[in-house]
Amino acid sequence: MSAPVRVRMAPSPTGSPHVGLVRTALFNWAFARHHGGQFVFRIEDTDKERSTDESLASIIDLMRWLGLDWDEGPEVGGPHAPYFQSQRGDIYADALARLQSSGRVYRCYCTTEETEGRALAKKEEYAAAKAAFAAAGGQGTKPEAPVMGYDGFCRDLTDEQIAAFEAEGRASVPRLRMPDGSITWNDLVRGEVTFETKHVPDFALARANGDPLYTLVNPVDDALMEITHVLRGEDLLSSTPRQIALYEALKEVGIAKATPEFGHLPYVMGEGNKKLSKRDPEAHALAYRDQGFVPEGLLNYLALLGWSIAADRDIFSLEEMVEAFDIKDVNANPAKFDLKKCEAINATHVHQLSVEEITDRALPYLKRDGVISDPVSDADAQLLELAMPFVAERVSKLTEVGDLLHFLFVPEADFVLDEADKAKMVDSDEGQAVLQAAYDALRSLEVWSAAQISDALTQALVEEMGLKPRVAFGAVRVAATGRRVSPPLFESLELLGRERSLGRLQGALS
């Protein structure tokens, strides 16, 4: 890189953070870290009606949880503060004034109704010309479809026309005058891209009341913050010619030093080969934390939505991604979000953690779900330490720790059996016979240990009753833990203790 890399993430705090936002943030962050550059985090909150403090807090919370640290931005500060667009109004007003004085921007007095009316007239004229062309058997000049959007009506108003509009009390908006010809850039993901500017209408930079629009503030902020590379979603590709044109104007008035390089990341697709929308449950990034995903697993999977570390390798750490990441390796084709694969990759990362790490990370979920007390009592802490080695290798999400260990911490008065498991394993005549034999075998044990429990149940249920272990131990498992899925049975009974284990077996006998 000829200049120090500076990239940015600039979300709008207008709703629940989308996984596509996380994927974009991850690629920007990895690109900056790979090149030893700067990752800038700023908030695009010019949409006053939709921006909320709750959404802002959730975005920052998400970034902190993921470990995608930023070098400049909220809570960090930096030389280009403030990093909230709502606090940069004077900066945008100055930029707009400079652009207007340069002749690159003109005032547009058209109402929405007038603009739409002219567009409708053009459509009708085109439809008539198209029909006439067809009626003539394709002879003559084929009519060209009209360019949709603003038609440049106010581009070259005379002083008299402007005065007349002003006298009427008409409101006006500033529009950038798009250059003639074409705009081409070398997209870091897609290669050379060209737009004919006749298909890119002159666009507004601010509202009639003076409030700046995204079309102005985004490039102005990138220019003043000296962003060198803009990596963003494919859905913004069509707006890039406008930004490049504005950059040329900003350079002319001394605001921008250079035009950044652009790279447009592939769509994240959902079911039915449609773009993953905010309505899709898989789209909500914070839901993965709530469900017990670990950030290493989620980021690993999201990295695969358009990039890979190697053709035959799906599992890697964030450090390994930073070392290997090259924006030129990003695939331009849409990437489909596969929840099952995401869960499988997350499970691999969970299993790479030590028992102590899983315990530490699971604690907030255990407290949240009421499995253990908050603060944790000494008794609960001791029991959790003893139990965790038996479940650490069995969980693929942190929330599953509570599912597996709830039976150990629930008060006996609140302990209930899963209805379906109870009906299948406990309520039958065979199930009752198994529980009676298990109770009789266990109540006479002198030493309450997993080994002694195993010997007693194996002898009573497998050897004496001739049952297969799955059948023999299934009813005991449901009676003691409440469900068919639990930590190892004998260790579970040891942790429960003699009194509670025998009490639960007796309670399951009808």
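Above this text is the structure in question.
Let me begin by describing the structure that accompanies this report. (Residues numbered from 1 in each chain as written. Predicted model: local features only at pLDDT ≥ 70, side-chain atom pairs only at ≥ 80, totals over all residues. Heavy atoms only, no water.)

The next point concerns the overall build of the protein chain. Helix and strand counts for the protein chain come out as 20 helices and 11 strands. Computed over the C-alpha atoms, the radius of gyration of the protein chain is 32 Å, more than 25% above the 24 Å expected from 2.2 N^0.38 for a compact globule of 510 residues. Projecting the C-alpha coordinates of the protein chain onto the three principal axes gives extents of approximately 105 × 60 × 50 Å. Evaluated residue by residue, the protein chain yields a buried proportion of 49% over its 510 residues. Across the protein chain, the fraction of contacts at a sequence separation of at least 24, relative to all contacts at a separation of at least 6, is 75%. Summed over its atoms, the accessible surface of the protein chain is roughly 24800 Å², and 50% of this surface lies on carbon and sulfur atoms. Each charge sign in the protein chain was given a centre, from 54 positive and 80 negative side chains, and these centres are 5 Å apart. (Helix = DSSP H or I, 4+ residues; strand = E, 2+ residues; numbered from the N terminus. Rg over C-alpha atoms; globule rule 2.2 N^0.38 Å. Buried < 20%, exposed > 50% of the residue type's maximum accessible area, 1.4 Å probe, protein only. Contact = heavy atoms within 4.5 Å. Areas by Shrake-Rupley, 256 points an atom, 1.4 Å probe, with all protein chains shown as cover. Lys, Arg positive; Asp, Glu negative; His and termini not counted. Charge placed at Lys NZ, Arg CZ, Asp CG, Glu CD.)

Throughout the structure, instances matching the rule amount to 2 cavities of 30 Å³ or more. If you add up the space inside the largest cavity, you get close to 60 Å³. Looking at the largest cavity, the residues that line it are Thr115, Arg118, Ala119, Lys122, Val147, Met148, Gly149 and Asp151. Counted by class, the lining of the largest cavity contains 3 nonpolar, 2 polar and 3 charged residues. There is about 40 Å³ of room inside the second largest cavity. The wall of the second largest cavity is formed by Phe203, Tyr214, Thr215, Ser239, Arg242 and Gln243. (1 Å grid on protein atoms, 1.4 Å probe; cavity = no way out; pocket = protein on both sides within 12 Å on 5 of 7 lines; lining within 4 Å. Points joined across faces, edges and corners; volume = space filled by probe spheres on them. Nonpolar A, V, L, I, M, F, W, Y, C, P; charged D, E, K, R; others polar.)

So, about the nonpolar core. The tendency in soluble globular proteins is for nonpolar side chains to be buried as a group. Membership of the largest hydrophobic core comes to 60 residues, with the highest contact counts inside it found for Leu442, Leu457, Leu461 and Val476. Contributions of two or more residues to this core are made by α12 (355-368), α13 (378-387), α14 (399-409), α16 (429-443), α17 (450-464), α18 (469-481), α19 (489-496) and α20 (498-508). In this view, leucine 457 contacts Ala438, Leu442, Val462, Phe473, Val476, Leu489, Phe490 and Leu493; residues no more than four positions away in its chain are not counted. Ranked by size, the runner-up nonpolar core spans 55 residues in total, among them Val22, Trp70, Leu302 and Phe316. (Core = buried A, V, L, I, M, F, W, Y, C linked by side-chain atoms within 4.5 Å.)

Below, the discussion takes up unusual backbone geometry. A cis amide bond links alanine 81 with the next residue in sequence, proline 82, at an omega value of 0°. Residue proline 375 follows aspartate 374 across a cis peptide bond; omega there is 5°. Its location among the elements puts proline 375 in the loop between α12 and α13. The phi angle at glutamate 75 is positive, at roughly 70°, despite the residue not being glycine. Looking at the element boundaries, glutamate 75 is found in the loop between α2 (53-66) and α3 (89-102). With a phi close to 55°, glutamate 226 is a non-glycine residue in the positive phi region. Within the fold, glutamate 226 resides in the loop between α6 (214-224) and β8 (229-233).

Moving on to the environment of glycine 152. Mapping glycine 152 onto the fold places it in the loop between α4 (112-135) and α5 (159-167). Excluding its chain neighbours within four sequence positions, the residues that come into contact with glycine 152 are Tyr106 and Asp202.

Below, the discussion takes up α2. The end-to-end C-alpha distance of α2 is 20 Å, a good match for the 20 Å that 14 residues give at a rise of 1.5 Å each. Of all the residues in α2, the buried ones are Ser55, Leu56, Ser58, Ile59, Ile60, Leu62, Met63, Trp65 and Leu66. Along its buried surface, α2 packs onto β1 (6-9), α1 (19-34), β2 (38-41), α8 (285-290) and α9 (295-303). Remark: glycine 67 follows α2 within two positions and exhibits a positive phi of approximately 85°. (Expected span 1.5 Å × (residues − 1).)

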